[in-house]
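# Fold and contact review
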Amino acid sequence: EDDFQFILCEGCRQESPNLRLLTCLHTLCLGCVGKYKPVGQCPVCRTPIPQASGIPDMDNLLFTNLQARLKFYKKIVDGVDLLCNNCKKAGEFWCPECEEFLCTKCCEAHQHYLKMENHQAKRVVDIRAGSAKDFLEGARKTRNLSCSNLTHKSHNVSIYCRTCEKALCCLCALLDSQHAPFCDIRSETQRRQEELGTISQELRQKRSTFEASYASLQGEAARLEQAQRETRELIRRRVEQLVQLLRREEEELLGLVEARQELGRRELSRELQRVEGVLRRMEAGERLVEKMKLYATEQEVMDMQPFIRDSLEELQRLQPAAGGERAQPGDLAECRARLQAL
């Protein structure tokens, strides 16, 4: 049931008959303790496991015993194999102290012989009608402490020795003079419960400071995350702006290159046409002079020679533009300078 999920191993969330209580007060089964032994940390709170072997010394008796009692409760509720532990007849009663099922006849004998031991057998139908919490509460009330002396294991105890910090039966308290001072075992258990309650209350008050620190750290983490997102977005926008700027500069430079190239092509075309025309005039002059020498009459020489001479002299005065003097078409120096600056 959801109310008893706390008795499961906090590592694998499974039931286990061997639950160990860590010093950080988290409970793990032996399998999880062995799994996290090389890590040396509790898997829940990451607190170091101080034991050299990695296995805590303290068994979680509370959770282990609760699991065992709840298994008996489930068996009673399911009604499977409820047989008297003595005669194997139908079990109609349950003794929490003996943890045995009893038929009606065996229950009468049980109550008669153990009436001084405060064994209170309960009807199975009554247990089944109640809740798991009711069953555990009844079992808790009927549980009695046993004497720490193994020879008096069957003796119930009602005395606590503050010197050796052990529960004692009356026989041990009377025969062993070393045990003193005494107090009632119920008052000692009550004192221990109150002591734990006091410490828990103090921790609850201290917990508020840790909760405030935790909230502050969460806020700091959120602000850090927000600053990271904003910075990333700013970088993205700025880079996008730079890319757009570079694209515009690229278009301008390409346009400038194209314009300079077009201007250079026109200048070169005009110069080529001019030089080509001069060459053709020279070819025509050479050809005309040659033909006149071969075929012209004296009268033709006298009439045409001054005109031809003036034209040839004009060709002689023409000079091709020198490489250093001629303007370089399509000069890209400005483009290279702007690109270097960019």
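Refer to the structure printed above.
This is a predicted model, so every value here is computed, not measured. (Residues numbered from 1 in each chain as written. Predicted model: local features only at pLDDT ≥ 70, side-chain atom pairs only at ≥ 80, totals over all residues. Heavy atoms only, no water.)

## Topic: the overall build of the chain
Secondary structure assignment for the chain yields 9 helices and 8 strands. The 342 residues of the chain split such that 23% are buried. Long-range pairs, those at least 24 residues apart, make up 43% of the contacts in the chain with a sequence separation of at least 6. Accessible surface, the chain as shown: approximately 25,100 Å² in total, 54% of it carbon and sulfur. (Helix = DSSP H or I, 4+ residues; strand = E, 2+ residues; numbered from the N terminus. Buried < 20%, exposed > 50% of the residue type's maximum accessible area, 1.4 Å probe, protein only. Contact = heavy atoms within 4.5 Å. Areas by Shrake-Rupley, 256 points an atom, 1.4 Å probe, with all protein chains shown as cover.)

## Some details on the environment of Pro 181
Among the structural elements, Pro 181 can be located in the loop between helix H6 (170–175) and strand E8 (182–184). Look at Pro 181 and you get partly exposed, because its relative accessible area is 48%. Taking the C-alpha atoms as reference points, Pro 181 and Cys 161, separated by 20 residues in sequence, lie 6.1 Å from one another.

## Considering helix H8 (residues 298–317)
Here H8 spans 28 Å end to end across 20 residues, near enough to the 28 Å set by a 1.5 Å rise per residue. The sharpest bend along H8 measures roughly 45° and falls at Met 304, with the proline Pro 306 sitting one to four residues further on. (Expected span 1.5 Å × (residues − 1). Bend = angle between axes of the 7 residues up to and from the residue.)

## Quick word on the packing of helix H7 (residues 185–295) against H8
One way to put it is that H7 packs onto H8 with a least axis distance of 11 Å and a crossing angle of 155°. Classified by the interaxial angle, the pair formed by H7 and H8 is roughly antiparallel. Relative to H8, the crossing made by H7 is left-handed. Facing H7, whose interface residues are Val 278, Arg 281, Met 282, Gly 285, Leu 288, Val 289, Met 292 and Tyr 295, H8 presents Glu 300, Val 301, Met 304, Ile 308, Ser 311, Leu 312, Glu 314 and Leu 315. (Axes fitted to C-alpha atoms, helices over the stretch in contact; angles between N-to-C directions. Parallel < 35°, antiparallel > 145°, perpendicular 65-115°, else oblique. Left-handed = near helix turned anticlockwise from the far one by under 90°.)

## A few points about the packing of aromatic side chains
Counted according to the given criterion, the structure contains 2 aromatic pairs. With a centroid separation of 6.1 Å and an interplanar angle of 40°, the aromatic rings of Phe 4 and Phe 6 are classed as tilted. Accessibility expressed as a relative area gives 40% for Phe 6, which makes it partly exposed. Geometrically, the ring pair formed by Phe 6 and Phe 63 is edge-to-face, given 5.4 Å between the ring centres and 65° between the ring planes. On the criterion of sequence distance, the pair formed by Phe 6 in the segment before strand E1 (19–21) and Phe 63 in helix H2 (residues 61–78) is long-range, its members being 57 residues apart. Here the aromatic residues Phe 4, Phe 6 and Phe 63 are joined through ring pairs into a cluster of three or more. (Phe/Tyr/Trp six-rings, centres within 6.5 Å; stacked < 30°, edge-to-face > 60°.)

Any functional reading would require information beyond the geometric quantities listed.
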